[in-house]
Amino acid sequence: MILLLIAIFFISIAFGSIKMSLEEVINALLRNSEYSYVLWNIRITRAIGGILTGAALGVSGAVMQKVLKNPLASPFTLGVSHGAAFGAAFAIIVLGAGKSHSFGSEAVTIFNNYPVVIFAFLGALTSIAIILFLSCFKGASPESIVLAGVALSSLFGSATMFLQYFADDFQVAATVFWTFGDIGKAGWLENKIIFITFLVGITYFYLNRWNFNVLFWGDEIAKSLGVNIKILRLISMFLSALVVSVCISFLGIIGFVGLISPHIIRFLIGDDCRFLIPYSALMGAFLLCLSDFIARTILSPVVLPVGIITSFAGAPMFFYLLIKRRRF
Amino acid sequence: MLEISNICAGYGNKLSIKNISLHFNKGNVYAILGPNGSGKSTLLKTIDKIIKPKEGVVYINKEDVQNLSRKKLAKNIAYLPQKNSTSASSTVFETILLGRKPYIIFEPRQEDLKLVENIIYIFGLKYFSFRNVGELSGGELQKVLIARALAQQPKILLLDEPINHLDPKNQIEILKVLKKITSELGIITIIVLHDLNLAFKFADYFIFMKQGKIYAKGDLSSIEDKIIKEVYDIRVKILNVGRSKLLVIDE
Ligand SMILES: Nc1ncnc2c1ncn2[C@@H]1O[C@H](COP(=O)(O)OP(=O)(O)OP(=O)(O)O)[C@@H](O)[C@H]1O
Ligand SMILES: [Mg+2]
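Rules used in this analysis
- Residues numbered from 1 in each chain as written.
- Chains lettered and ligands numbered in written order.
- Predicted model: local features only at pLDDT ≥ 70, side-chain atom pairs only at ≥ 80, totals over all residues.
- Heavy atoms only, no water.
- Axes fitted to C-alpha atoms, helices over the stretch in contact; angles between N-to-C directions.
- Helix = DSSP H or I, 4+ residues; strand = E, 2+ residues; numbered from the N terminus.
- Parallel < 35°, antiparallel > 145°, perpendicular 65-115°, else oblique.
- Left-handed = near helix turned anticlockwise from the far one by under 90°.
- Contact = heavy atoms within 4.5 Å.
- Nonpolar A, V, L, I, M, F, W, Y, C, P; charged D, E, K, R; others polar.
- Buried area = accessible area lost by both parts, 1.4 Å probe.
- Salt bridge = Lys/Arg side-chain N within 4 Å of Asp/Glu carboxyl O.
- Donors = N, O, S within 2.8 Å, 3.2 Å for Na, K, Ca; no water.
- Buried < 20%, exposed > 50% of the residue type's maximum accessible area, 1.4 Å probe, protein only.
- Pairing = 2+ DSSP bridges.
- Right-handed = clockwise from strand over helix to strand, strands pointing away.
- Near = heavy atom within 4 Å.
- Polar contact = N/O pair within 3.5 Å; in protein donor to acceptor, adjacent residues only side chain to side chain.
- Areas by Shrake-Rupley, 256 points an atom, 1.4 Å probe, with all protein chains shown as cover.

Participant: Could you clarify how one ought to interpret the packing of helix H4 (residues 80-94) of chain A against helix H11 (residues 229-251) of chain A in this entry?
Facilitator: Packed helix pairs are characterised by how far apart their axes lie and by the angle those axes make with each other. All names here are of chain A. Following both chains from N to C, one finds H4 and H11 inclined at 40°, their axes separated by 10 Å at the closest point. The angle between H4 and H11 places the two elements in the oblique class. Crossing angle aside, the handedness with which H4 passes H11 is right-handed. Across the interface between the two elements, Val80, Ser81 and Ala84 of H4 pack against Ala241, Val244, Ser245 and Ile248 of H11. The residue makeup of the contact of H4 with H11, split by class, is five nonpolar, two polar and no charged.

Participant: Mind showing me how you'd approach the interface of chain A and chain B here?
Facilitator: Interface size is commonly expressed as the accessible area that is lost once the parts come together. Chain A puts 22 residues into the contact, and the matching count from chain B is 35 residues. Of the roughly 2,400 Å² buried between chain A and chain B on both sides combined, carbon and sulfur atoms contribute 57%. Three residues, Trp210, Trp217 and Leu225 of chain A, lead the burial of chain A against chain B; their summed loss comes to 32% of the area buried on that side. Taken together, the connections running from chain A to chain B amount to three salt bridges. Of the charged contacts, one joins lysine 45 of chain B and glutamate 220 of chain A as a salt bridge, the two residues approaching to 3.6 Å between their closest N and O atoms.

Participant: Explain the coordination of the magnesium ion (ligand 2) to me, please; I cannot follow it from the model alone.
Facilitator: Reference values for angles at a metal are 109.5 degrees in the four-donor tetrahedral case and 90 or 180 degrees in the six-donor octahedral case. For the magnesium ion (ligand 2), the protein coordination sphere consists of Ser41 of chain B (OG) and Gln82 of chain B (OE1), at 1.9 to 2.1 Å. Linking serine 41 of chain B in helix H1 (residues 40-47) with glutamine 82 of chain B in the loop between strand E6 (77-80) and helix H3 (92-97), this pair joins segments that are 41 residues apart in sequence.

Participant: So what exactly am I meant to see when it comes to the pairing of strand E7 (residues 156-160) of chain B here?
Facilitator: Two faces make up the sheet, and in a regular strand the side chains alternate between them. All names here are of chain B. Most of E7 is tucked away, with five of its five residues classed as buried. Across the two faces of E7 the burial is the same, with Ile156, Leu158 and Asp160 and Leu157 and Leu159 all buried. Summarising the sheet, E6 and E7 pair through four bridges and their orientation is parallel. By the bridge assignment, isoleucine 77 is partnered in E7 with isoleucine 156. Sheet topology note: the E7/strand E8 (residues 188-192) ladder contains five bridges and is parallel. Residue isoleucine 156 lies in a different strand from E8, and its bridge partner there is isoleucine 188. The parallel pair E7 and E8, bridged by helix H6 (residues 168-185), forms a crossover whose chirality is right-handed.

Participant: Is there a simple way to think about the site of ligand 1 in this case?
Facilitator: All names here are of chain B. In the region of ligand 1, 14 residues are neighbours, and Ser16, Gly37, Lys40, Ser41 and Thr42 sit closest. One of the side-chain nitrogen or oxygen atoms of serine 16 is found 2.8 Å away from an oxygen atom of ligand 1. Glycine 37 is positioned such that a nitrogen or oxygen atom in its backbone is 2.8 Å from an oxygen atom of ligand 1. Here ligand 1 loses 63% of its free accessible area of 630 Å² to cover by the protein chains.

Participant: Sorry if this is basic, but what is going on with the pairing of strand E9 (residues 205-210) of chain B here?
Facilitator: Residues and elements named next belong to chain B. Of the strand pairs in this sheet, strand E3 (residues 29-33) and E9 are connected by four bridges, and their pairing is parallel. Bridge assignment links alanine 31 to a residue of E9, and that residue is phenylalanine 206. By the bridge criterion, five bridges tie E9 to strand E10 (residues 213-218) in an arrangement that is antiparallel. From the neighbouring strand, lysine 210 faces E10, where its bridge partner is lysine 213. In this antiparallel pair of consecutive strands, E9 and E10, the connection spans two residues, and glutamine 211 shows a positive phi of 50°.

Pasting the structure below:
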């Protein structure tokens, strides 16, 4: 698994609008060659961004599914991504941010449009806050939290459309463009922030792996085995949503990785959180890097946003798992 | 030692148990008996802090359970709920190992694994060890869950209708094991049962509940036809057979 990830890492830094051989890659990494600049500043940040984001999405999906006892739980079902999209649309349309930017090819390196990022993040936080409020103070059951997430998604979705209705063409294009998740948007700073939140999240999740395992047996048994389920649920939801919000705010919406990575691992290895948590992260990283590689090569030299590939490839994969697996 | 003092508890605004005070001693098996809905499960849940009493206090070694952390409580009390369902797909071994959860700091130690193996041996689950719990029969799963409760090495064992789904042989063997462990390790075992004859055979003390209250309590000698008739509203006779008692239907 780790080897696979390393392989995809090298492949993805080697391919791009400027082709390099593996030899040249290694050369450029170690010495200062003509490719060094491209490699360090574009390819590697991109690859690392892909790995981190994929891992973050994968592990958050695994934790949300576990905590909410729902195989469909993911950053989407809880309204986090729609919240972020609304925040971004608000910044672009109402506050007029992001006008001066041109988008698209690898040549435009870093998408450092802070108002948009910050508002996207606030939008995501709003959905987290509503969900947490419901689960904490109203004592809502995991099932109703998932339902609330669906309602919240459609609420934010329609609010975004409302804004778009009154916006000019360019603004609509910018908001739509924002929703195309693209790991090329991240630079070193973004990657660092993603890395730190991811690290905090996965550390907490991994330390609680036995507690998550106990959750399978229902709340009563979990309580009697010494798990404070309320706090566990709250912190896990908060951290997983936070990790995802950070990624989404920087990169835009990247579908299906968070949903499908844990399912693949469950299919291959099983339910035990001792393995499910780290491997979902690895699987997410692998899938996202692979998708990004495909996104950049399939219609080369056009670089597709990776979000399109993940959603496009994710759905059939999901069907396959559904058919192959007896139980979820 | 376990003491319950003047407990009222329930769900929402409804009280399901009222003014219950009881005292439990080490090394004894207590049977909680009573009709459906009389509050037996509610009482067990209150003892394990799964629901919070509206009034009254549960003391373990003179300490209020509300002041004990869940983790600390889990080292003292094991609880088997009446209704069990799982979406887990772990093996029997891993499931029983979860009973060691309160003791696991990072990963299970060698002793934890040994203990689980030992319990698997006692329960005759050896050939099931690596079976998936989702694929067990009702009775097999029940045995695994009782084993998990024992793996917790509790000082107080709360079992809500533990012999549900078990065949007569397994019912007798499990109750035998529980009785033996209770007196050998000096723990307190509280079992909710509906089979009165098995209760008479294996429990040391009997607590009868009706409509959320204690109707009667005492040892085997204190049990008469009258109590059973009034608690369950049925017509039965109690026969003395050797040192035990036997319930027969009297229509
Ligand atoms: N989760 C719940 N919410 C609301 N009321 C409940 C709940 N659980 C039990 N009750 C009510 O509390 C009362 C006591 O229930 P309890 O489960 O303690 O009975 P029991 O003695 O265990 O019965 P049984 O022999 O059927 O298991 C019943 O009237 C029941 O309807
Ligand atoms: Mg009951």
